[in-house]
Amino acid sequence: MNAHSSPTLWNRLVLWYHQMGSPPYFYAFAGRWRPWFIAATLITAVIGLYGGLLLAPADYQQGDAYRIIFIHVPCAWMSLFTYAFMAGCGLVGLVWRVKLAEILAMESAPIGAAFTFVTLVTGSLWGKPMWGAWWTWDARLTSELVLLFLYLGVIGLYHAFEDTRQGARAAAFLALIGVVNLPIVHYSVVWWNTLHQGTTVRLFGPSRITWSMLWPLLTMALSTHLYLGWSLLGRARVALLELEGGKDWARAIALKDAPHG
Amino acid sequence: MSAPSARAGYVAVLRRDLLLAWRRRGEAALPVLYALIVATLFPFALGPEGALLSRIAAGVVLVTVLLAMLLSLDGLFRPDWEDGSLEQLLLAPQPLGLLLAAKILAHWLTTALPLLLASPLLAAMLHLPTAVLPVLMAALVLATPLMSLLGALVVALTVGTRRSGMLLALMLLPLMVPVVIFAAGAVSAAQQGLPFIAPLAWLGAALVLALVLAPAACAAALRIALDA
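What counts, and where the lines are drawn
- Residues numbered from 1 in each chain as written.
- Chains lettered and ligands numbered in written order.
- Predicted model: local features only at pLDDT ≥ 70, side-chain atom pairs only at ≥ 80, totals over all residues.
- Helix = DSSP H or I, 4+ residues; strand = E, 2+ residues; numbered from the N terminus.
- Rg over C-alpha atoms; globule rule 2.2 N^0.38 Å.
- Buried ≥ 20, exposed ≤ 12 C-beta atoms within 10 Å, placed from the backbone.
- Contact = placed C-beta atoms within 7 Å.
- Core = buried A, V, L, I, M, F, W, Y, C linked by C-beta atoms within 7 Å.
- Nonpolar A, V, L, I, M, F, W, Y, C, P; charged D, E, K, R; others polar.
- pLDDT = per-residue confidence, 0-100.
- Expected span 1.5 Å × (residues − 1).
- Bend = angle between axes of the 7 residues up to and from the residue.
- Axes fitted to C-alpha atoms, helices over the stretch in contact; angles between N-to-C directions.
- Parallel < 35°, antiparallel > 145°, perpendicular 65-115°, else oblique.
- Left-handed = near helix turned anticlockwise from the far one by under 90°.

### Here's the deal with the overall build of chain B
Consideration 1: Counting secondary structure elements, chain B contains 9 helices and 0 strands.
Consideration 2: Beginning at the N terminus, the succession of helices and strands in chain B can be written as α-α-α-α-α-α-α-α-α.
Consideration 3: Over its C-alpha atoms chain B spans a radius of gyration of 18 Å, differing by no more than 12% from the 17 Å that the globule rule assigns to 228 residues.
Consideration 4: Considering only C-alpha atoms, chain B reaches an extent of 65 × 35 × 30 Å along its principal axes.
Consideration 5: The proportion of buried residues among the 228 residues of chain B is 43%.
Consideration 6: In chain B, 83% of the contacts between residues at least 6 apart in sequence involve partners at least 24 apart.

Laid out in structure tokens, this is it:
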């Protein structure tokens, strides 16, 4: 039988998924991949920033001030992507009780909150010269602010429990409720008269942005994704060591890294 | 001996919670007093000018009612958790969601209903135009059960934790944003003489959805938070 002799791609994926669920395996895997992630993050960031800040032409209306877009927009995308990732991991953790999924969900929350915060700050820096105000009660801004509160609620609930895993499950449930709420928040605030510009970069159909501005933007988006990977793997490694502190593999690592043996 | 029916369990929980609230009826007045005091602070802070107050009256009443309900939410499960009766509910043969629905209904009757009765007084104190009052009341009738249901869902997650006051606000208020937007939208539309049915209909739709889903989700949240 052919199916038995050589593992299919699906079999390999299933094997990989189950191996990843094992804390020592994941710890080693994350340690191997982190340098690659940070290297790729820095390289893409340098290319993207060079393209965005030096090569791309100035905007005909906003001049050079628009260049903050190369930070603002990738961070805004990441604030949503990280939330989706957190909720996805939270769902896996709740349904199959995978320890690692709980950790990934909880450790991505502070990163997502940071992305959301950077989006709000850069947006307000951009808003001051363009709109003449640091902040307006506009639909996009308000729903991004609500997103930040959702992140903070998840983080706060996670830390309110004495048992880490129980806290992770409760916070993952809150994150899932937030997923239901996010589109509602988005569309309820969209009904207000809105100052923020509409979508310019579209997956389907032509984007309303010139290529020389688009490619640095996409490179920066790639860079922020890689940064998420680097940061998340590092945070997850630490959280794993804390959670598994009593286990042999964690103790062996702690003894090996201790300054006096 | 066979287990009592689900209906009997529902009625028993409802009756118990209402009876407990009745025995401590002084406490039921506290949210109303709180709302009254918060609403009184606004004219002090903003000045007693009638035109300004009547413009913000509906929003102030909405937010005040929301905050008063938020303060009362911690008492929804915590006393039962401390005296162990919550675990009996978890073990009961009847569906947990149904029993929690009874608890939520009892909470709404004992907390939101007094606030609803007091809100015309609050609105009058802030010079809300009389013609708009029915719209505000309709918005509150639809919004307060939503607050109770969503609040129960969130407070169920915090039962096992020690401190929960500020955390509860942080978790619940983002979920409340759409409720406040639609309720305030209905009232401000009515105040400007525009049609106000659409936001009320949205609130009603959300309420129906929450009535169906929230008790079951609340049961799941409680089982997660108590690791049962």
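### Focus on the overall build of chain A
Consideration 1: Check the secondary structure of chain A and you find 9 helices and 0 strands.
Consideration 2: Reading the helices (α) and strands (β) of chain A from amino to carboxyl end gives α-α-α-α-α-α-α-α-α.
Consideration 3: Across chain A, every contact between residues at least 6 apart in sequence was considered, and the portion connecting residues at least 24 apart equals 75%.

### Re the nonpolar core
All names here are of chain B.
Consideration 1: Core analysis: the largest hydrophobic core is formed by 137 residues, its most contacted members being A139, L153 and A156.
Consideration 2: By residue number, the principal contributor to this core is helix α7 (residues 133–157), which donates 16 residues.
Consideration 3: Ignoring anything within four residues of it in the chain, the contact list for A139 reads A183, A186, V187, L200 and L203.

### Quick word on the interface of chain B and chain A
Consideration 1: The partner chain A presents 20 residues to the 21 residues of chain B that form the contact.
Consideration 2: Looking at the side of chain B that touches chain A, the elements that each hand over two or more residues are α7, α8 (165–191) and α9 (197–226) of chain B.
Consideration 3: Counting residues per element, the side of chain B that touches chain A draws most heavily on α8(B), which supplies 10 residues.
Consideration 4: Across the side of chain B that touches chain A, the residue classes break down as 15 nonpolar, 4 polar and 2 charged.

### Looking at the confidence of the model for chain B
Consideration 1: Mean pLDDT over chain B stands at 90; residues scoring 70 or higher make up 99%.
Consideration 2: Interface confidence for the predicted complex, expressed as ipTM, amounts to 0.88; the pTM equals 0.88.

### Some remarks on unusual backbone geometry
Consideration 1: At R97(A), a position not held by glycine, the phi torsion is positive, near 55°.
Consideration 2: With respect to the helices and strands, the residue R97(A) is situated in the loop between α4 (69–96) and α5 (99–131).
Consideration 3: A positive phi angle, near 60°, is found at H127(B), a position not held by glycine.
Consideration 4: Considering the arrangement of structural elements, one finds H127(B) in the loop between α6 (96–125) and α7.
Consideration 5: Judged by the 18 C-beta atoms lying within 10 Å of it, H127(B) is partly exposed.

### Considering α5(A)
All names here are of chain A.
Consideration 1: Across its 33 residues, α5 extends 47 Å between first and last C-alpha, which sits within 8% of the 48 Å expected from 1.5 Å per residue.
Consideration 2: If you look at α5, its biggest bend is around 25°, right at A109, and the proline P110 turns up within four residues after that.
Consideration 3: At the exit of α5 stands G132, carrying a positive phi of roughly 80°.

### Topic: the packing of α4(A) against helix α8 (residues 211–243) of chain A
Residues and elements named next belong to chain A.
Consideration 1: Where α4 contacts α8, the axes come no closer than 9 Å and their chain directions differ by 45°. As far as their axial angle goes, α8 and α4 are oblique. Between α4 and α8 lies a crossing of right-handed hand. Within the contact between the two elements, α4 uses I69, F70, V73, P74, C75, W77, M78 and T82 and α8 uses P216, L217, M220, A221, T224 and L228.

### A closer look at the environment of E242(A)
Residue and element names in this part refer to chain A.
Consideration 1: Along the polypeptide, E242 turns up in helix α8.
Consideration 2: Judged by C-beta crowding, with 11 C-beta atoms within 10 Å, E242 ranks as exposed.
Consideration 3: Separated by 78 residues in the primary sequence, E242 and T164 place their C-alpha atoms 9.9 Å from one another.

### Overview of the packing of α5(A) against α8(A)
Residues and elements named next belong to chain A.
Consideration 1: Between α5 and α8, the least distance of the axes is 9 Å, while the angle of their chain directions is 125°. Between α5 and α8, the angle is such that the two are oblique. Handedness of the crossing formed by α5 with α8: right-handed. Contact with α5, carried on its side by I103, L104, E107, S108 and I111, involves L228, S231, L232, R235, A236, A239, L240 and L243 of α8 and no other residues of that element.
Consideration 2: Of the residues that constitute the contact of α5 with α8, the class distribution is 9 nonpolar, 2 polar and 2 charged.

### Quick look at the environment of T142(A)
All names here are of chain A.
Consideration 1: If you trace the backbone, T142 turns up in helix α6 (residues 139–160).
Consideration 2: For T142, a count of 22 C-beta atoms within 10 Å puts it in the buried group.
Consideration 3: Spatially, the C-alpha atoms of T142 and V185 are 8.9 Å apart, while their sequence positions differ by 43 residues.

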